[in-house]
Amino acid sequence: MIGSYIKALIKYGVERGLIERADEVYCENALLEKLGESSADFSEPAAEAPLNVILEKLCDIAAEKGLIENSVTYRDLFDTALMGVLTPRPSEVQRRFFGILAEDKQKATDWYYKFSCDTNYIRTDRIAKILKWKYDGKYGALDITVNLSKPEKDPKAIAAAKNAPQSGYPKCQLCRESEGYAGRVDFPARQNHRVMPVKICGEDWFMQYSPYVYYNEHCIVFNSKHTPMKIDRSAFEKLLSFVGAFPHYFVGSNADLPIVGGSILSHEHFQGGHYEFPMERAPIEKELHFDGFDNVKAGIVAWPMSTVRLTSDDPESLCALGDKILTAWRGYTDEKAFIFAETDGEKHNTVTPIARRRGEKFELDLVLRNNITTAEHPLGVYHPHAELHHIKKENIGLIEVMGLAVLPARLDGELKAVGKKLLDGTDFDDELTSKHADWARGIKKEYGDSITPENVSDIVEKEVGKVFETVLEHAGVYKRTDEGRAAFMGFIETV
């Protein structure tokens, strides 16, 4: 069946415009080499199957032949190498992208996103497994997702990675050198990965899509140099420069400190995309005025995380005022509100900035962040507290800040188990449900006999949404109380 599945993969490549008919024989031979074969019966018709099935069958053949370990990590390395045969070289991909970009910016990113899916760099079959729902709460509709797109590492791969020689190439998964890289057990293969050069404030940057796509056209914009994350005026200038070039995209940055920052602080990068987050829809609840910035509309956003929104048709004014607010926040301490700029030499205050366009105007959201810890809250005072860790324990980064929960894959089985016990009346005392026991008993007490097989999933999803809403409130440095609002204005006055 090797010939049949190779022909199916070739046919897919031609239909998706990855290769041309003139490339067919060349690619057949390249795929034969990958599969350790010198020939195959190509007289058989091409197998009729979707891409993920074709790749699974070819990985099965490779595993049976002993070419790879039959595990997720090694299969991913191998099927990416197969797709690399069909993926055009970077120069050709860039020519196509910039040719479309000259005519229509949105059509260019539409094409590039589709290309990234067609090459299986974005594994759409896995993305389709992500659980998604909306929660209508105090701050409008929040987006809730349980991320099932990342496969769990298998034990053999973990052991192999531990014993493998340490490599400093590429320096991280965001580095340009990842493009076309064959990968290893501790680094994903990227033969089907193509990045786009973009100019940001006159500097060389690159754009790519996230292989895990938490939202529509989830892109990553990264510095051509492996340089650490830093939030300062230049970061605001870069964000606004990007949305100037791609006005249909938003772009934002994780904060530059641990706990409140993202998972990769060693390489400067932003995240963007073609998506309207709940935060974007949140209105201004209190207008602000800053002397010397009459051309900037400013206000505090009706949002659980403490956010100042700045809007203007002049990006320079936004950057100047943003820098003024950031500088004030970096050094701001209010002991009564438990805001400390630093303790024992460790700095705590930073911001999560987000930029977008509103028609011809530019908009910059500055979310105030603080990463102080205490004995009571060792993972962070402005971080989900311990009673919420059964649902969300991980850092609250840019995506969550804007109202999209990225919840761990373990919840898929755990929430189903909770729902089953809510129906059969047994206690929450097993491996899957014990961590949720207090929360689940609260649900049982509130809903009682109104829980039915028809509505139990909706009830559990609604209660998960409530937890995420509380997660955002915990992460807000100023609480939405009279005292919290007064303390927030106390900071604004210092600006």
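Before any of the text, the structure's been laid out above.
Numbering of residues begins from 1 in every chain and follows the order in which that chain's sequence is written. The predicted origin of the model limits local features to residues at a pLDDT of at least 70 and limits the giving and counting of side-chain atom pairs to 80 or more, whereas totals for whole chains, interfaces and linings rest on all residues. No hydrogens and no water enter the side-chain calculation; it runs on all heavy atoms of the structure.

### Section: the nonpolar core
Phase 1: Of all hydrophobic cores here, the largest spans 100 residues; its most connected members are Leu9, Phe242 and Tyr478.
Phase 2: Numbering of helices and strands starts at the N terminus; helices are DSSP runs of H or I of at least 4 residues and strands are runs of E of at least 2. Among the elements that make up this core, the one with the highest residue count is helix α1 (residues 2–15) (eight residues).
Phase 3: Not counting residues within four places of it along the chain, the set of residues in contact with Phe242 comprises Ile200, Met207, Cys219, Val221, Tyr249, Phe250 and Val251.
Phase 4: Residues belong to one nonpolar core when they are buried, are Ala, Val, Leu, Ile, Met, Phe, Trp, Tyr or Cys, and are joined through side-chain atoms within 4.5 Å. Relative accessibility thresholds used throughout: buried, under 20% of the residue-type maximum; exposed, over 50%; partly exposed, between the two (1.4 Å probe, protein chains only). Among the nonpolar cores identified, the runner-up in size contains 48 residues, and Tyr139, Ala405, Val467 and Leu472 belong to it. When checking whether two residues touch, look at their non-hydrogen atoms; a contact exists if any pair is within 4.5 Å.

### Concerning the packing of aromatic side chains
Phase 1: What counts as a ring pair is set by centres within 6.5 Å for rings of Phe, Tyr and Trp (its six-membered ring), and what kind of pair is set by the plane angle: stacked under 30 degrees, edge-to-face over 60, tilted for all other angles. The tally for this structure, following the rule as stated, stands at 22 aromatic pairs.
Phase 2: Summarising the aromatic geometry, the rings of Phe206 and Phe222 are spaced 5.7 Å apart at their centres and angled 25 degrees between planes, so their arrangement reads as stacked. On the criterion of sequence distance, the pair formed by Phe206 in strand β4 (residues 203–209) and Phe222 in strand β5 (residues 219–223) is long-range, its members being 16 residues apart. The pair Phe206 / Phe222 is uniform in exposure class, with both members buried.
Phase 3: Lysine and arginine charges are scored as sitting over a ring when NZ or CZ, respectively, is within 6 Å of the ring centre and within 35 degrees of the ring normal. Here the basic side chain of Arg357 rests over the ring of Phe362, its NZ or CZ set 4.2 Å away from the ring centre.

### Quick look at the environment of Tyr112
Phase 1: In this fold, Tyr112 is placed in helix α6 (residues 105–118).
Phase 2: Judged by its relative accessible area of 0%, Tyr112 falls in the buried class.
Phase 3: For the pair Tyr112 and His385, spaced 273 residues apart in sequence, the C-alpha to C-alpha distance is 40 Å.
Phase 4: Setting aside residues up to four positions removed in sequence, Tyr112 forms contacts with Phe97, Arg194, Val195, Met196, Met207, Gln208 and Tyr209.
Phase 5: Definition of a polar contact: a pair of N or O atoms within 3.5 Å, with one able to donate and the other able to accept a hydrogen when the atoms are protein atoms, and with sequence-neighbouring residues admitted only if both atoms are side-chain atoms. Here the side chain of Tyr112 touches Arg194 through a polar contact of 2.6 Å, landing on its backbone oxygen.

### What to know about unusual backbone geometry
Phase 1: Here Tyr169 and Pro170 are connected by a cis peptide whose omega angle stands at -20 degrees.
Phase 2: When you line up the elements, Pro170 lands in the loop between α8 (155–163) and β3 (196–200).
Phase 3: Phi at Asn120 is positive, roughly 70 degrees, even though this residue is not glycine.
Phase 4: Within the element layout of this structure, Asn120 appears in the loop between α6 and α7 (124–127).
Phase 5: Exposure remark for Asn120: the relative accessible area of 8% places this residue in the buried category.

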